Amino acid sequence: MNITTVEHEYGADEIQILEGLEAVRKRPGMYIGTTASRGLHHLVYEIVDNAVDEALAGYCDTINVTINEGNIITVEDNGRGIPVGINKKAGKPAVEVVFTILHAGGKFGGGGYKVSGGLHGVGASVVNALSEWLEVEICKSGKIYKQRYERGKVCYPLKVVGECEKDKTGTKVTFLPDNTIFTETTVYDYDVLKLRLREMAFLTKGLRIVLTDKRKPGEKINHNDEAEKAQINELLERAAEDSGEEAELLDEVKEEETYKERQDVFYYEGGIKEFVKYLNKSKTPLYDDVLYFEGEKNNVYVEVAFQHNDSFNESVFSFVNNINTPEGGTHLQGFRNAITKTFNDYARGSKLLKDNEPNLSGEDIREGLAAIVSVKIEDPQFEGQTKQKLGNSEARGAVDNIVSEQLTYFLEQNPTVAKSICEKSILAQRAREAARKARDLTRRKTALEGMALPGKLADCSDKDPKNCEIYIVEGDSAGGSAKTARSRATQAILPLRGKILNVEKARLDKIYANAEIKAMITAFGTGIHEDFDISKLRYDKIILMTDADVDGAHISTLLLTFIYRFMPELIKQGHVYLAKPPLYKLEKNRKIWYAYSDEELDNILKEVGRDQNNKIQRYKGLGEMDAEQLWETTMDPERRILLRVNYDEEIESEIDLTFTTLMGDKVEPRREFIEENAKFVKNLDI
Ligand code: 28F
């Protein structure tokens, strides 16, 4: 069936092509997950993935990613250049096929070409369909070939537009995301791209990835969360005032606000070994070298790197074809099986573990472990809630065999390292036993006295968790007003006295001995770590309510560290919130306004006038509000502001590192973090 229009004869296959890309434009979420900021950034990862494939194939060693003025993206590699010859089946140049036909190219029909990640290989044609325009330039055999598309439609046939050095080859893609698709924002966040590109470089040893920002300051701000960034700026300013030292830090770096091109280069000869070193940069390693094993089995390419540190947390991240798998899967199971079995065999064989002593558990061995498990597999099967769990059974065996075999050999050759790991694991086992006793004691007590909830907890009467929320309140006075102010049916109050334990630096037995921690564990009801069961959660919302000053911010951070390290699912499933008390109370002619930021106070004053009989009170703490005010400004579900703590799984290794850097015991990395982030105080997302 042919449709003839004035300018063009549409053949059957052209119609199929247009329908293909039309489908992408009609339901973009099917192909890139969301058309919000995350989907916008995925466009870049898709194009970069294709260049990474060329690097994995051994033909490219440098990729340049540039954010140009107008938030136009350029990605350029020095690979072979996408083929320009006519693809027989399509009767068009291969490059046109790659950009105009969904799932086109040797990348998707097996053929071993496509091994890197992206959203399970949606490819360049989706990016093309979702771009207002896209241009591809290929340098090959001394010529520069070019083609341009608009919203996926070819503007002109592939043509030669210039010359390049004979031996220079490569592919350059430039595109402008379509703002009728990406309606929320088309502004790129340099730091988001930086995290993902650094991760890609760690996962592809020897590949240099350069990220450059050529935009003027004005076109970097994403106006949607402008207010939120202003709030964070506010908090930091206040923190600086109160703590003095950061003040000059903030000042001295602030005038650097002037325009200067940003650039970062990521190049790791050591690949995931360097990724593990990076994960441990704010910790003290237990031994010098990073263990590294690689091999291929069952058509699965395996790379594993790990190094213990002196903390009590486990930071293990797994990847398939450079895609992060936050829900783990068969590759991670293979890794866990291998190290548990191998370390127990070694501990027994070297008599570090007596015959009558129980086996070390996986958790004991993984205490303080920083590790990367990266597999490359031709046809990955993803499972789990968010399709981020690897299902291929052959990956379990491949990782288990390769790690068991090579780790056994390493431990035989390095008895000192082997001993230090086994001794730490045995200490962890003893602490876990002690903690279990402490917990069982808590359980037994609970069993004896019925649900002995912590004494200080003022529980709510409604017993359906979906309707209930618990406020964790700093200080007894605020706790008192909160108990008076609350709605008894659905709001529980748990007052905490002063600063809680920094769990980043404490072992399980010490944690169970801490009254405040125990009270929260009992009140929440879910249990922690391996015992964690989300179905036992007693409240739908856990709301941290602390003073809007630097001490309050510190307590919120300590509470978040505890929840993140012991019950991360509460954050991942969106149950954790920060209350937002007002900063100012404005009184005029017996009328009252509350302002939650300096900016908001300004706006109110513009409205009501700045004359003298205004009475402006700046709240220094929750305790300054009576129950009535606390209710109407901060606790009434109809009027309050809550900030939900979000967990972006794509940057989970960075989140882990941030907690360690901010809460760990090494000062230098923390100072670096403040310097690194203070200069972008407007863009800092805590
Ligand atoms: C900036 C983004 O997309 N780079 C790419 C290549 C190289 C080949 C290729 C890509 C084979 C036939 C489908 C070249 N020579 N950077 C990129 N570099 N795709 S994408 O082939 C694609 C498949 O069409 C390539 C020989 N074999 C493969």
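Residues numbered from 1 in each chain as written. Predicted model: local features only at pLDDT ≥ 70, side-chain atom pairs only at ≥ 80, totals over all residues. Heavy atoms only, no water.

Draft legend 1. Region of interest: the overall build of the chain. Secondary structure assignment for the chain yields 22 helices and 28 strands. Intrachain contacts of the chain at a sequence separation of at least 6 include 71% that bridge at least 24 residues. In the structure as shown, the chain presents an accessible area of about 30600 Å², 51% of it carried by carbon and sulfur atoms. (Helix = DSSP H or I, 4+ residues; strand = E, 2+ residues; numbered from the N terminus. Contact = heavy atoms within 4.5 Å. Areas by Shrake-Rupley, 256 points an atom, 1.4 Å probe, with all protein chains shown as cover.)

Draft legend 2. Up close: the pattern of salt bridges. Per the counting criterion, the structure on display carries 41 salt bridges. Where Lys 541 meets Asp 540, a salt bridge forms, and the shortest distance between an N and an O atom there is 3.7 Å. Residue class for Asp 540 comes out partly exposed when judged on its relative accessible area of 25%. A salt bridge links Asp 636 to Arg 639, with the shortest nitrogen-to-oxygen separation between them at 2.8 Å. Given a relative accessible area of 8%, Asp 636 falls into the buried group. Arg 639 gets classed as partly exposed once you look at its relative accessible area, which sits at 44%. Among the charged side chains, a salt-bridge network with shared partners connects Glu 135, Lys 146, Arg 148 and Glu 150. (Salt bridge = Lys/Arg side-chain N within 4 Å of Asp/Glu carboxyl O. Buried < 20%, exposed > 50% of the residue type's maximum accessible area, 1.4 Å probe, protein only.)

Draft legend 3. Examining helix α6 (residues 190-203) more closely. Given a rise of 1.5 Å per residue, 14 residues ought to cover 20 Å, and the 20 Å separating the end C-alpha atoms of α6 matches this to within 8%. Burial analysis of α6 places 11 of its 14 residues in the buried class, the great majority of the element. Among the residues of α6, Tyr 190, Leu 193, Lys 194, Arg 196, Leu 197, Arg 198, Glu 199, Met 200, Ala 201, Phe 202 and Leu 203 are the ones counted as buried. One side-chain oxygen at the N-terminal end of α6 lies 2.9 Å from the backbone nitrogen of Asp 191; it belongs to Asp 189. (Expected span 1.5 Å × (residues − 1). Polar contact = N/O pair within 3.5 Å; in protein donor to acceptor, adjacent residues only side chain to side chain.)

Draft legend 4. Region of interest: the sheet that holds strand β22 (residues 491-496). Across the sheet, which stays open at both edges, the 5 strands sit in the order β22-β21-β23-β24-β28 with mixed pairing between neighbours. Whereas interior strands pair on both sides, the edge strands pair on one side only; in this sheet they are β22 and β28 (642-644). For this sheet, the mean inter-axis angle between neighbouring strands, taken without regard to orientation, is 25°. Sheet topology note: the strand β24 (residues 576-579)/β28 ladder contains 3 bridges and is antiparallel. In the sheet register, Tyr 577 faces β28, and the bridge partner there is Arg 644. Against the sheet, helix α17 (residues 550-566) engages β21 (469-474), β22, β23 (541-545) and β24, with an angle of about 150° to β23. (Pairing = 2+ DSSP bridges. Axes fitted to C-alpha atoms, helices over the stretch in contact; angles between N-to-C directions.)

Draft legend 5. The pairing of strand β8 (residues 143-150), seen in detail. Sheet topology note: the strand β7 (residues 131-140)/β8 ladder contains 7 bridges and is antiparallel. Note on β8: the bridge partner recorded for Lys 140 is Lys 143. Hairpin geometry of β7 and β8 is characterised by an intervening segment of 2 residues between the two adjacent antiparallel strands and by a positive phi of about 45° at Ser 141. Here β8 pairs with strand β10 (residues 159-163) via 4 bridges, running antiparallel. Note that in β10 the partner of Tyr 145 across the bridge is Val 160. One ladder, built from 2 bridges, connects β8 with strand β9 (residues 153-154); its direction is antiparallel. Pairing of Tyr 149 across the sheet is with Val 154, part of β9. Taking the residues that link successive antiparallel strands as the turn, the β8-β9 hairpin has 2 residues, and the phi of Arg 151 there is positive, at about 50°.

Draft legend 6. Summary view of the sheet that holds strand β25 (residues 584-588). The 3 strands lie next to each other as β26-β25-β27, forming an open sheet whose pairing is antiparallel. Each edge of the open sheet carries a strand with a single partner, namely β26 (591-595) and β27 (615-618). Geometrically, the sheet is characterised by an average inter-axis angle of 20° between neighbouring strands, direction not taken into account. Sheet strands touched by helix α19 (residues 598-608): β25, β26 and β27. Its angle to β26, the strand with the most contacts, is close to 150°.

Draft legend 7. Seen up close, the packing of helix α9 (residues 272-279) against helix α21 (residues 652-663). In contact at an axis separation of 10 Å, α9 and α21 are set at 35° when each is read in the N-to-C sense. From α9, Phe 275, Tyr 278 and Leu 279 reach across to α21, where they touch Ser 653, Glu 654 and Leu 657. Along the lines of polarity and charge, the residues of the contact of α9 with α21 split into 4 nonpolar, 1 polar and 1 charged. (Nonpolar A, V, L, I, M, F, W, Y, C, P; charged D, E, K, R; others polar.)

Draft legend 8. Region of the structure containing the state of the cysteines. For the coordinates displayed, the defined rule picks out 1 disulfide. Each disulfide pairs two cysteine sulfurs, and for Cys 139 the partner residue is Cys 164, the sulfurs being separated by 2.3 Å. Taking the torsion about the S-S bond as the criterion, the Cys 139 to Cys 164 disulfide, at about 110°, is right-handed. One end of the pair, Cys 139, is in strand β7; the other, Cys 164, is in the loop between β10 and β11 (170-177), with 25 residues separating them in the sequence. In this structure, Cys 139 and Cys 164 share a single accessibility class: buried. With no disulfide of its own, Cys 468 lies 3.6 Å from the sulfur of Cys 460, the closest cysteine sulfur. (Disulfide = S-S within 2.5 Å.)

Draft legend 9. A look at the side chain of Gln 629. Take Gln 629: it is sitting in helix α20 (residues 627-635). By relative accessible area, Gln 629 is classed as buried at 11%. What Gln 629 contacts, discounting residues up to four positions off in sequence, is Lys 585, Tyr 594, Tyr 619, Glu 624 and Thr 634.

Draft legend 10. Structural detail: the packing of aromatic side chains. All chains considered together, the criterion is met by 10 aromatic pairs. Here Phe 293 and Phe 306 contribute two aromatic rings whose centre-to-centre distance is 6.2 Å and whose plane-to-plane angle is 65°, an arrangement assigned as edge-to-face. Linking Phe 293 in strand β14 (residues 291-297) with Phe 306 in strand β15 (residues 300-308), this pair joins segments that are 13 residues apart in sequence. In terms of burial, Phe 293 and Phe 306 fall into one category: buried. Taken together, Phe 202, Tyr 268, Phe 275, Tyr 278 and Phe 319 form an aromatic cluster joined through their ring pairs. Across the ring face of Tyr 59, the terminal group of Arg 80 is positioned such that the distance to the ring centre comes to 3.7 Å. The cationic tip of Arg 208 hangs over the ring face of Tyr 267; the distance from NZ or CZ to the ring centre is 4.2 Å. (Phe/Tyr/Trp six-rings, centres within 6.5 Å; stacked < 30°, edge-to-face > 60°. Lys NZ or Arg CZ within 6 Å of the ring centre and 35° of its normal.)

Draft legend 11. Molecular detail of helix α16 (residues 515-524). Where burial is concerned, most of α16 is hidden: 8 out of the 10 residues are buried. Those residues of α16 that fall on the buried side of the exposure criterion are Glu 516, Ile 517, Ala 519, Met 520, Ile 521, Thr 522, Ala 523 and Phe 524. At its buried positions, α16 is contacted by β21, β22, α15 (508-512), β23, α17 and α18 (568-572). Here α16 starts with a cap whose side-chain oxygen sits 3.0 Å from the backbone nitrogen of Glu 516, and that cap is Asn 514. At the exit of α16 stands Gly 525, carrying a positive phi of roughly 90°.

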